[in-house]
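Here is how the chains run, residue by residue.
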Amino acid sequence: GRRQDAMWERRTHARILVSDADAGCIIGKAGYDIHAMEARSGAHIKLSGRGRPLPGTDRRVVLVSGLFRTVMDAAELVLEKLFYLGDQVIDAEATVVLVVPDACCGALIGKGGEVIKSLAEESNAGITVSPYDICYGFHDRLVTITGHLDNQLQAIFLILSELLDDVRYSSSVASLSFPSSSVRYGGDGQDEHVERYHSRPDTPVRSPDYDSHVQGTLTMGVADEYVGAVIGYGGRTIQEIERVTGVQIKIVKGEFIPGTNEREVVISGTREAVDAAEAMIMQRVSDAAKGRRRQQGGGGGDRRPVKEVE
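The rules behind each value
- Residues numbered from 1 in each chain as written.
- Predicted model: local features only at pLDDT ≥ 70, side-chain atom pairs only at ≥ 80, totals over all residues.
- Heavy atoms only, no water.
- Salt bridge = Lys/Arg side-chain N within 4 Å of Asp/Glu carboxyl O.
- Helix = DSSP H or I, 4+ residues; strand = E, 2+ residues; numbered from the N terminus.
- Buried < 20%, exposed > 50% of the residue type's maximum accessible area, 1.4 Å probe, protein only.
- Disulfide = S-S within 2.5 Å.
- Axes fitted to C-alpha atoms, helices over the stretch in contact; angles between N-to-C directions.
- Contact = heavy atoms within 4.5 Å.
- Nonpolar A, V, L, I, M, F, W, Y, C, P; charged D, E, K, R; others polar.
- Phe/Tyr/Trp six-rings, centres within 6.5 Å; stacked < 30°, edge-to-face > 60°.
- pLDDT = per-residue confidence, 0-100.
- Core = buried A, V, L, I, M, F, W, Y, C linked by side-chain atoms within 4.5 Å.
- Arc of directions from axis to C-beta.
- Polar contact = N/O pair within 3.5 Å; in protein donor to acceptor, adjacent residues only side chain to side chain.

**A word on the pattern of salt bridges**
For step 1, the next point in the chain: What the rule picks out here adds up to 10 salt bridges.
For step 2, the next point in the chain: Of the charged contacts in the structure, one is a salt bridge between Asp140 and Arg15, with a shortest N-O distance of 3.1 Å. Taken together, the positions of Asp140 in strand 8 (residues 140-146) and Arg15 in strand 1 (residues 11-18) put the pair 125 residues apart, joining distant regions of the chain. Assigned by exposure class, Asp140 and Arg15 land together as buried.
For step 3, the next point in the chain: With its nearest N and O atoms 3.4 Å apart, the salt bridge here joins Asp58 to Arg59.

In structure tokens:
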């Protein structure tokens, strides 16, 4: 019955960590198994290349993206590959690890841990979030889920449901670069599903000697309908963000991030300035989304291509 809910038709994604051996099981000979899972679920499934683990771990990343219902179907198929060999159970209580942006974890945990405790109770699974002072990739944290397969799937469903309205989560997929490249896997030829994962730059661990003045670049995605709100009338909003934070912002012109309706927004500057600019952009997008919901689709915004690049 829940398949009729509007939430099932919204776009989302999940990142799951797997070992090299598990990645091989997911891909299958010449990519047969991963193709089959995509066909059955309707989701897109990508893996980071061998030798390119998530920084701070020894695990590869499985990125599942698409409509919520297809992502859940694909997650079930992927986990079944890890839990079962045919009808035989390999590990009845294997651990599943999701990768979630640090910025989203506060809401996921809740005040005093209330939210994550309720998710654990509802799913009957163990759910823990890695410590705040240790980040993986670039400002990512690990959400570890334990329990039986059905309980873990329920936990994944509840976690993704919590994150569905968080624009920081939906936009974070744009910063995950799986650029096209031919990577051989196990001598089985080339598979377009196996691509090199590049986490966002800089150190994976937030430490006392973290240097907020180091220069860096962040690429994020903004839905096309909200780009006008980020630019502002005559470019005033984007110019104000640049003036206040000291960053440079470019919005890629004329093309979407593959598989989305989002445009690439590239922010360059010190880490501290980039973080501040990202927060300001997210606030503009959030305000525009709330205004659009209130107006039932009314009120557009100037979409002139200010400060965009080819």
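Still to come is the rest of the account.
**Side note on the state of the cysteines**
Throughout this description, disulfide means a covalent bond between two cysteine sulfur atoms.
For step 1, the next point in the chain: Applying the stated criterion across every chain yields a total of zero disulfides.
For step 2, the next point in the chain: Note on Cys105: no disulfide assigned, nearest cysteine sulfur contributed by Cys104 at a separation of 6.8 Å.
For step 3, the next point in the chain: Residue class for Cys105 comes out buried when judged on its relative accessible area of 0%.

**Observations regarding the packing of helix 1 (residues 20-27) against helix 2 (residues 32-41)**
For step 1, the next point in the chain: Packing of helix 1 against helix 2 leaves a shortest axis separation of 5 Å and a crossing angle of 65 degrees. Between helix 1 and helix 2, the contacting residues are Cys25, Ile26 and Ile27 on the first element and Tyr32, Asp33, Ile34 and Met37 on the second.
For step 2, the next point in the chain: Residues belonging to the contact of helix 1 with helix 2 are distributed by class as follows: six nonpolar, no polar and one charged.

**Side note on the packing of aromatic side chains**
For step 1, the next point in the chain: Enumeration according to the criterion identifies three aromatic pairs in this entry.
For step 2, the next point in the chain: Centroid distance Trp8 to Phe68: 5.1 Å. Interplanar angle 45 degrees. Geometry classified as tilted. Of this pair, Trp8 sits in the segment before strand 1 while Phe68 is found in helix 3 (residues 68-83), placing the two residues 60 residues apart along the sequence.
For step 3, the next point in the chain: The buried category is assigned to Trp8, whose relative accessible area is 7%.
For step 4, the next point in the chain: According to the relative accessible area criterion, Phe68 is buried, its value standing at 0%.

**A look at the confidence of the model for the protein chain**
For step 1, the next point in the chain: Taken over all residues, the pLDDT of the protein chain has a mean of 77, while the share at 70 or more is 77%.
For step 2, the next point in the chain: Contacts of residues 179-211 to residues separated by more than four positions or lying in other chains number 96 contacts, the stretch itself having pLDDT below 50.
For step 3, the next point in the chain: In this model residues 297-310 is a low-confidence stretch, pLDDT under 50, and it forms 32 contacts with partners more than four residues away in sequence or in other chains.

**Points about the nonpolar core**
For step 1, the next point in the chain: Formed by 49 residues in total, the largest nonpolar core has its most connected members in Ile26, Ile145 and Ile159.
For step 2, the next point in the chain: Filtering out sequence-adjacent residues up to four positions away, Ile159 remains in contact with Leu98, Leu108, Leu119, Ile127, Val143 and Ile145.
For step 3, the next point in the chain: In terms of nonpolar packing, the next biggest core, distinct from the first, is built from 22 residues, Tyr226, Val227, Ala273 and Val274 among them.

**Description of helix 4 (residues 102-109)**
For step 1, the next point in the chain: For helix 4, every residue scored as buried is listed here: Asp102, Cys104, Cys105 and Leu108. For helix 4, the buried positions fall inside an angular range of 140 degrees around the axis, keeping them on one side.
For step 2, the next point in the chain: Contacts made by the buried residues of helix 4 are with strand 6 (96-101), helix 5 (114-123), strand 7 (126-129), strand 8, helix 6 (149-163) and helix 7 (167-172).

**Points about helix 5**
For step 1, the next point in the chain: Taken together, the buried positions of helix 5 are occupied by Ile116, Leu119, Ala120 and Ser123. Seen from one end, helix 5 has its buried residues packed into an arc of 100 degrees, which puts them on one side. For helix 5, the exposed residues lying more than 90 degrees away from the buried face are Glu114, Lys117, Glu121 and Glu122.
For step 2, the next point in the chain: Among the structural elements, helix 4, strand 7 and helix 6 are those in contact with the buried residues of helix 5.
For step 3, the next point in the chain: One or two steps after helix 5, the chain reaches Asn124, where phi turns positive at roughly 60 degrees.

**Digging into the environment of Ile45**
For step 1, the next point in the chain: Relative to the elements of secondary structure, Ile45 occurs in strand 2 (residues 44-48).
For step 2, the next point in the chain: Separated by 32 residues in sequence, Ile45 and His13 place their C-alpha atoms 9.8 Å apart.

**Considerations on the side chain of Thr245**
For step 1, the next point in the chain: Note on placement: Thr245 falls in helix 9 (residues 236-245).
For step 2, the next point in the chain: There is a polar contact of 3.4 Å between the side chain of Thr245 and the backbone nitrogen of Val247.
For step 3, the next point in the chain: Every residue in contact with Thr245, bar those within four places of it in the chain, is listed here: Ala273, Ala276, Ala277 and Met280.

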